[in-house]
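Structural description and commentary
Chain by chain, the residues run as shown.
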Amino acid sequence: MNMPSITAKKLLPDDSLVLVTGVNGLIASHAADQLMAYGYKVRGTVRSASKNAYLNNLYSNRHGPGRFELVEVPDVTIKGAFDKALEGGVAAVGHVVGSVNLQVQDADKAAEEEILWQINFLEACIKTTTVKSFVFTSSAWAAWTPWSQRAMTLDGNSWNMEAVKLARDTHADASEKGMAGFMAMKTLIEQGVWRWVQEKKGALPFTFNTLLLDTVIGTCLDPKNQGIPSTAGMVHWVWENAHVDILNMMQPQWMVDCRDAGRLYVALLCTKPAVDKQRIYAFGDRYSFYQVGEMLKEMYPGHANKIARVENYGSDHTVVDTTVGKELLSRLGQDGEWRKLKESLADNAKSWLQLEKPGVTDHRHSTVPN
């Protein structure tokens, strides 16, 4: 089996065991897939092993037998939840599990509760003495609230205190708050984890970085069993003319391709020179859901009258330095450029078309190379 090659020096030798949490999800499934593609073994956690047994066949077919192991963690919030998953010489952790409750009402309470079990997990990683690198998955919304009417510059010190203030405002109603509760929760959780890191005063036995992902778009590895999950599913809503009210809450912002996101975990966990204690923005291209709809109409003119009519809020004007992300991708033999929206969108559509009735692909007007 031909594998892509890591062009940088390796922090972890081939066949090292990497733990990926929430491996059935969109982001984590790609992180696991890319780790195996680059020669590493993966142990993936899920809440129910029986419901996610399909992953064993999926990864065996893609990477050969013996490269993937599924471990059940029914309740991540209890102390010691990940102890079994960390046994046997885990060398690195791609930690993706976290709250995805967009309708959170009390951001402070939700963050306080999650920080407790997140820190328990980090402490358990220290006790292994084998973990050399750790990536914590955060959200771009922990840095800012997207809004097309302003230009902002994001860096490692950018925090979405605007959302925190709004989420705490007892006089603001639900329509004013929008998704501020979720954004505030993500902000407070990441800040809490970084406080824990700072309290260790450089004594951590592993590198620690947070990966701030904006909207993740692209191919789904197993649409039959995964469906079209997470933000890739929101793109599917545009196709289905569904949940337009939620789509209209989404301002223009940034996206990242599933595969690029997965490769960032590989580069951060497995390559040298080691990146440590940084917040990495996984921003590949600007987009809006209005733009997504227009592209889908162009790609599939026979379906154009069924595409959701999403509000046109213009374009994103956020300034963010993505140099670190590009350099990380170049370590894996990629040309240092991010995959763009059109390619990711085309791949996203191919995934849901696998679930559609035969004949729908006859509507395709234009194609994008893989």
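Within an unreviewed UniProt entry, the label attached to the protein chain reads NAD-dependent epimerase/dehydratase domain-containing protein, and the organism entered is Triangularia setosa. In its Sequence similarities (unreviewed entry) section, the UniProt entry covering the protein chain states "Belongs to the NAD(P)-dependent epimerase/dehydratase family. Dihydroflavonol-4-reductase subfamily."

Attention now goes to helix α4 (residues 161–168). If you check which residues of α4 are buried, you get A163, V164 and A167. Mapping the buried residues of α4 onto a view down its axis gives an arc of 100 degrees, with all of them on the same face. Against the buried residues of α4 lie α3 (107–128), α5 (174–177) and α6 (180–199).

Let us now look at the sheet that holds strand β3 (residues 41–46). Ordered by their spatial adjacency, seven strands build an open sheet running β4-β3-β2-β5-β6-β8-β12, and the pairing between neighbours is parallel. Only two strands of the sheet have a single neighbouring strand rather than two, namely β4 (68–72) and β12 (279–282). Taking each pair of neighbouring strands and ignoring which way they run, the sheet shows an average axis angle of 20 degrees. Alignment of β3 against β4, held across five bridges, turns out to be parallel. The partner of G44 across the bridge, within β4, is L70. Across the sheet, helix α1 (residues 26–37) lies against β2 (17–20), β3, β4 and β8 (207–213), angled at about 170 degrees from β2, the strand it touches most.

For the rest of this paragraph, the subject is the packing of aromatic side chains. Here the structure, examined in full by the defined rule, presents 14 aromatic pairs. With 5.3 Å between their ring centres and 70 degrees between their planes, Y281 and F283 make a pair best called edge-to-face. The same class applies to Y281 as to F283, namely buried. Aromatic ring contacts, followed pair by pair, group F82, F121, F134, F136, W194, F206 and F208 into a single cluster. Just above the ring of W159 sits the side chain of R279; from NZ or CZ to the centre is 3.6 Å.

Turning our eyes to something else, we now look at the nonpolar core. Judged by nonpolar contacts, the single largest core of 119 residues is most densely connected at F289 and L296. Ranked by size, the runner-up nonpolar core spans nine residues in total, among them A140, A143, W144 and F283.

Residue placement: T210 occurs in strand β8. On the basis of relative accessibility, which here comes to 0%, the residue T210 falls in the buried class. Those residues in contact with T210, other than ones at most four positions away along the chain, are F136, E190, W194, Q278, R279 and I280.

Take the pairing of strand β6 (residues 133–139) next. Walk down a regular strand and you will see the side chains alternate between the two sheet faces. In terms of residue burial, β6 counts as a mostly covered element, since seven of its seven residues are buried. Along β6, one buried face is formed by S133, V135, T137 and S139 and the opposite face, lined by F134, F136 and S138, is buried too. Here strand β5 (residues 90–95) pairs with β6 via four bridges, running parallel. When the sheet's bridge partners are listed, A92 is paired in β6 with S133. Handedness of the crossover joining β5 and β6 through α3 is recorded here as right-handed. Of the strand pairs in this sheet, β6 and β8 are connected by seven bridges, and their pairing is parallel. When the sheet's bridge partners are listed, S133 is paired in β8 with T207.

Below, the discussion takes up the packing of α3 against α6. Viewed as axis vectors pointing N to C, α3 and α6 meet at an angle of 35 degrees, and their least axial separation amounts to 9 Å. Classified by chirality, the crossing of α6 by α3 is right-handed. Two secondary-structure elements touch here, α3 through A107, D108, A110, A111, E114, I115, Q118, I119, L122, E123 and I126 and α6 through G181, A184, M185, L188, I189, G192, V193, R195 and W196. Here the contact of α3 with α6 is built from residues that sort into 13 nonpolar, three polar and four charged.

When the UniProt feature table is mapped onto this chain numbering, "domain: NAD-dependent epimerase/dehydratase" (unreviewed entry) sits at residues 18–140. As annotated, residues 18–140 has a helix share of 36% and a strand share of 22%, and its two end C-alpha atoms lie 24 Å apart.

Here is what the cut-offs are and how they apply
- Residues numbered from 1 in each chain as written.
- Predicted model: local features only at pLDDT ≥ 70, side-chain atom pairs only at ≥ 80, totals over all residues.
- Heavy atoms only, no water.
- UniProt positions renumbered as here; feature names shortened; annotations may be inferred.
- Buried < 20%, exposed > 50% of the residue type's maximum accessible area, 1.4 Å probe, protein only.
- Helix = DSSP H or I, 4+ residues; strand = E, 2+ residues; numbered from the N terminus.
- Arc of directions from axis to C-beta.
- Contact = heavy atoms within 4.5 Å.
- Pairing = 2+ DSSP bridges.
- Axes fitted to C-alpha atoms, helices over the stretch in contact; angles between N-to-C directions.
- Phe/Tyr/Trp six-rings, centres within 6.5 Å; stacked < 30°, edge-to-face > 60°.
- Lys NZ or Arg CZ within 6 Å of the ring centre and 35° of its normal.
- Core = buried A, V, L, I, M, F, W, Y, C linked by side-chain atoms within 4.5 Å.
- Right-handed = clockwise from strand over helix to strand, strands pointing away.
- Left-handed = near helix turned anticlockwise from the far one by under 90°.
- Nonpolar A, V, L, I, M, F, W, Y, C, P; charged D, E, K, R; others polar.

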